[in-house]
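Chains, contacts and geometry: an overview
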Amino acid sequence: RQVWTATAFSEYASAAAFAEIAAALLAAGAPIDLVAAAGDFVVDEIVHTELAARVAARLGGAVTLEVDLARLVRPPVAADPLLAAAELVVRTSCVGEALTVPILKLSRRLAGSALVDAAIATIVADESHHAQLGWWFLDWAADRLDDDARAHLGAVAGGAIRAFAPMLGEGGRACAPSHLGTLGCADYDPAFAAAAERAVARPLAARGIVVPAADLAAVGVPPPGA
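Read on for an overview of the structure. Just so it is clear, the structure is predicted and the values come from calculations on it, not from any experiment.

So, on to the overall build of the protein chain. A count of helices and strands for the protein chain gives 7 helices and 0 strands. Secondary structure elements of the protein chain, listed N to C terminal, follow the sequence α-α-α-α-α-α-α. Rg of the C-alpha trace for the protein chain: 17 Å, near the compact-globule value of 17 Å for 226 residues, within the 12% margin. Reported as C-alpha extents along the three principal axes, the dimensions of the protein chain are approximately 50 × 40 × 30 Å. Counting only residues that meet the buried cut, the protein chain has 45% of its 226 residues in that class. On the protein chain, roughly 10900 Å² of surface is accessible, and the fraction owed to carbon and sulfur atoms is 58%. Averaged over its 16 positive side-chain charges, the protein chain has a centre that lies 6 Å from the centre of its 25 negative ones.

Following this line, the structure appears as structure tokens:
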């Protein structure tokens, strides 16, 4: 119940993030198909919010969760419209959504419930597109980002990855068997580290955006050659 309640809120916050991204893309003069995609993703995330809430209800009801609806999206620090949009896109699509896809796939495989399987299947099908928006945007913006901008975005990605560190190990997640869409630390921790390296750091590096090694190490990604 706690995990699915938190998932409902996370999806709600993602809706707010894509609303901010759509506005930022407009301000940056991004291609209109990217703007339209970001707008469509707001609706997807609201649907996911409802799905997660319904699963929580079937499991006995949502738990109390204190949230600040005025702080759903971390604002970009860059003043330049293009770099501001890139911050939001990297944090939300290239990190958050890109990490979500492999974790959801593992959760689905270990769910042991037809109801949870169906809910996750719907969510993960959309999240794959949500992650792809980040790579579409960075490929479009490639000639518009200088080395300083890329270094800044690497730090943005690193901070977003490191923010998950408290969830790893016994300090953040129950080390119980994975079930009903939850993942115990024995399954979650190695899957998260692998996803951070494969689904985030590698494709960012291919675009000249390097995630600091210390941020990757914080979530269990070994240094190159280790």
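Structurally, Glu87 is set in helix H3 (residues 81–109). Engagement of the side chain of Glu87 in a polar contact is seen with the side chain of His152, the distance being 2.9 Å. Dropping the residues within four chain positions of it, Glu87 is found in contact with Pro76, Val77, Ala78, His152, Leu153 and Val156.

What follows is about the packing of helix H1 (residues 2–28) against helix H4 (residues 114–141). Close contact between H1 and H4 brings their axes to 13 Å; oriented N to C, the two are set at 25°. The orientation of H1 with respect to H4, classified from their angle, is roughly parallel. Regarding H1 and H4, the two cross each other, and that crossing is left-handed. Residues Trp4, Glu11, Phe18, Ile21, Leu25 and Ala28 of H1 lie in contact with H4, whose contacting residues are Val116, Ile120, Ile123, Glu127, His130, Leu133, Phe137 and Trp140. Taken together, the residues of the contact of H1 with H4 sort by class into 11 nonpolar, 1 polar and 2 charged.

With that settled, the discussion passes to the pattern of salt bridges. Proximity of charged atoms lets side chains of opposite charge pair with each other. All chains considered together, the criterion is met by 6 salt bridges. The partner of Arg108 in a salt bridge is Asp117, and the shortest N-O contact between them spans 3.1 Å. Residue Asp139 is joined to Arg207 by a salt bridge in which the shortest nitrogen-to-oxygen separation is 2.8 Å. Separated by 68 residues along the polypeptide, Asp139 in helix H4 and Arg207 in the loop between helix H6 (185–205) and helix H7 (213–217) bring together distant segments of the chain. For Arg207, a relative accessible area of 25% puts it in the partly exposed group.

Attention shifts here to the nonpolar core. In terms of nonpolar packing, the biggest core is built from 54 residues, with Leu25, Phe137, Leu138 and Leu204 touching the most fellow members. For this core, the elements supplying multiple residues, two or more each, are H1, helix H2 (32–58), H3, H4, helix H5 (147–162) and H6. Per-element accounting of this core gives the leading share, 13 residues, to H3. One finds Val101, Leu104, Val116 and Ile120 within the second-largest nonpolar core, a separate group that totals 13 residues.

Calculation notes
- Residues numbered from 1 in each chain as written.
- Predicted model: local features only at pLDDT ≥ 70, side-chain atom pairs only at ≥ 80, totals over all residues.
- Heavy atoms only, no water.
- Helix = DSSP H or I, 4+ residues; strand = E, 2+ residues; numbered from the N terminus.
- Rg over C-alpha atoms; globule rule 2.2 N^0.38 Å.
- Buried < 20%, exposed > 50% of the residue type's maximum accessible area, 1.4 Å probe, protein only.
- Areas by Shrake-Rupley, 256 points an atom, 1.4 Å probe, with all protein chains shown as cover.
- Lys, Arg positive; Asp, Glu negative; His and termini not counted.
- Charge placed at Lys NZ, Arg CZ, Asp CG, Glu CD.
- Polar contact = N/O pair within 3.5 Å; in protein donor to acceptor, adjacent residues only side chain to side chain.
- Contact = heavy atoms within 4.5 Å.
- Axes fitted to C-alpha atoms, helices over the stretch in contact; angles between N-to-C directions.
- Parallel < 35°, antiparallel > 145°, perpendicular 65-115°, else oblique.
- Left-handed = near helix turned anticlockwise from the far one by under 90°.
- Nonpolar A, V, L, I, M, F, W, Y, C, P; charged D, E, K, R; others polar.
- Salt bridge = Lys/Arg side-chain N within 4 Å of Asp/Glu carboxyl O.
- Core = buried A, V, L, I, M, F, W, Y, C linked by side-chain atoms within 4.5 Å.

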